[in-house]
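Spelled out from the first residue to the last, the chains are:
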Amino acid sequence: MTRVVAQGTFDLLHPGHVHYLEDAAARGDELHAIVARRANVTHKPEPILCARQRRDMVAALDAVDEAHLGDPEDVFVPIERLDPDVIVLGYDQHHDEAGIAEALAARDIDCRVERASGREPRYDEELLSSGDIVERVLRRRGGPGEGGEGGRG
Ligand SMILES: Cc1cc2nc3c(=O)[nH]c(=O)nc-3n(C[C@H](O)[C@H](O)[C@H](O)COP(=O)(O)O)c2cc1C
Ligand SMILES: Nc1ncnc2c1ncn2[C@@H]1O[C@H](COP(=O)(O)OP(=O)(O)OP(=O)(O)O)[C@@H](O)[C@H]1O
Ligand SMILES: [Co+2]
């Protein structure tokens, strides 16, 4: 039984998220997804949707066996509890693999750290980034001054 962990913000789901979670699931028998709490999303604007809603949507995906809310303070708390065999990082996640491996070793957690592949758009209009989706919303529905032509752009 190989237990795999994937993690991320997963705000406004798109096919890139599905790709990441399917890639992660293919590396083992059981996929657990950890959904980041707002407080830990520090490298980009705060999520639009609350953590519980993001968790519920991730849990509804076929590739995911269980989705968990992350720990608000110590991101290794759910890792310690789940005791995975593999942690799969996203293709563009800034986390450094060696640093995570070290933190795992310090806690006596025996677990590989791997990197998922990326997914490119398959057609012109396909958006594979939550940030890009938000930008499109602002452009198309934002008020005047956002380049949205009064919300009709
Ligand atoms: C091994 C690992 C475990 C994580 N566990 C948690 C957690 O318990 N709680 C949390 O809020 N975030 C957790 N995160 C997510 C980080 O806080 C996070 O890097 C970030 O918000 C994800 O950003 P992204 O969605 O842009 O990739 C974890 C990340 C890693 C690499
Ligand atoms: N196009 C994609 N291909 C493969 N994986 C992706 C893609 N987009 C996101 N992911 C992965 O999904 C996980 C969660 O990503 P995240 O919540 O940062 O979404 P995002 O769309 O990248 O958001 P943002 O646009 O704010 O960066 C990360 O591991 C990330 O690498
Ligand atoms: Co991202």
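The structure displayed is predicted, hence computed values, not measured ones.

**Here we look at the overall build of the chain**
1) Next: Regarding its fold elements, the chain presents five helices and five strands.
2) Next: Helices and strands in the chain line up, N terminus first, as β-α-β-α-β-α-β-α-β-α.
3) Next: With the C-alpha coordinates of the chain rotated into their principal frame, the extents come out at 55 × 30 × 25 Å.
4) Next: Counting across all 153 residues of the chain, residues that qualify as buried make up 37%.
5) Next: Taking the average location of the 19 positive side-chain charges in the chain and that of its 31 negative ones, the two points are 7 Å from each other.

**Comments concerning the pattern of salt bridges**
1) Next: Per the stated rule, a full pass over the model turns up 12 salt bridges.
2) Next: Between Asp23 and Arg27 there is a salt bridge, with the nearest N and O atoms lying 2.6 Å from each other.
3) Next: Classification of Arg27 by relative accessible area gives partly exposed; the value is 26%.
4) Next: Here Asp74 makes a salt bridge to Arg107, at a shortest N to O gap of 3.4 Å. Placement of the pair is Asp74 in the loop between β3 (66-69) and α3 (76-82) and Arg107 in the loop between α4 (97-106) and β5 (112-115), with a sequence separation of 33 residues.
5) Next: A residue is classified by how much of its surface remains accessible, and Asp74, at 27% relative accessible area, is partly exposed.
6) Next: Residues participating in the shared-partner salt-bridge network are Asp23, Arg27, Arg112 and Glu114.

**Description of the packing of aromatic side chains**
1) Next: Following the criterion strictly, the structure yields one aromatic pair and no others.
2) Next: Each ring, one from Phe10 and one from Tyr20, has its centre 6.3 Å from the other, and the planes form 20°; the classification is stacked. With Phe10 in the loop between β1 (3-8) and α1 (15-25) and Tyr20 in helix α1, the pair connects residues that are 10 residues apart, well separated along the chain.
3) Next: Phe10 gets classed as buried once you look at its relative accessible area, which sits at 5%.
4) Next: Of the residues examined, Tyr20 reaches a relative accessible area of 8% and is grouped as buried.

**Brief notes about the site of ligand 2**
1) Next: Contacts to ligand 2 come from 20 residues, most closely from His14, Lys44, Asp92, Ser129 and Ser130.
2) Next: Across the complex, the protein chains shield 89% of the 600 Å² of accessible surface that ligand 2 would expose by itself.
3) Next: Counting residues per element, the ones that place at least two in the shell around ligand 2 are α1 and α5 (130-141).
4) Next: For the shell around ligand 2, the element with the most residues is α1, which contributes four residues.
5) Next: Along the lines of polarity and charge, the residues of the shell around ligand 2 split into four nonpolar, 13 polar and three charged.
6) Next: Each of domain 1 (3-119) and domain 2 (120-153) accounts for three or more of the residues forming the shell around ligand 2.

**A closer look at the domain arrangement of the chain**
1) Next: You can read the domains of the chain as domain 1 (3-119) and domain 2 (120-153).
2) Next: Just the C-alpha atoms count here: the centres of domain 1 and domain 2 sit 27 Å apart.
3) Next: Interface area lost by domain 1 to domain 2 is led by Leu12, His14 and Arg119, which between them contribute 74%.
4) Next: For the pair domain 1 and domain 2, the number of links is one salt bridge.
5) Next: Here domain 1 is connected to domain 2 by four residue pairs in polar contact (both at pLDDT 80 or more).
6) Next: Tallied by class, residues from the side of domain 1 that touches domain 2 come to three nonpolar, four polar and two charged.

So, how was this worked out
- Residues numbered from 1 in each chain as written.
- Chains lettered and ligands numbered in written order.
- Predicted model: local features only at pLDDT ≥ 70, side-chain atom pairs only at ≥ 80, totals over all residues.
- Heavy atoms only, no water.
- Helix = DSSP H or I, 4+ residues; strand = E, 2+ residues; numbered from the N terminus.
- Buried < 20%, exposed > 50% of the residue type's maximum accessible area, 1.4 Å probe, protein only.
- Lys, Arg positive; Asp, Glu negative; His and termini not counted.
- Charge placed at Lys NZ, Arg CZ, Asp CG, Glu CD.
- Salt bridge = Lys/Arg side-chain N within 4 Å of Asp/Glu carboxyl O.
- Phe/Tyr/Trp six-rings, centres within 6.5 Å; stacked < 30°, edge-to-face > 60°.
- Near = heavy atom within 4 Å.
- Areas by Shrake-Rupley, 256 points an atom, 1.4 Å probe, with all protein chains shown as cover.
- Nonpolar A, V, L, I, M, F, W, Y, C, P; charged D, E, K, R; others polar.
- Domains from an automatic or database assignment.
- Buried area = accessible area lost by both parts, 1.4 Å probe.
- Polar contact = N/O pair within 3.5 Å; in protein donor to acceptor, adjacent residues only side chain to side chain.

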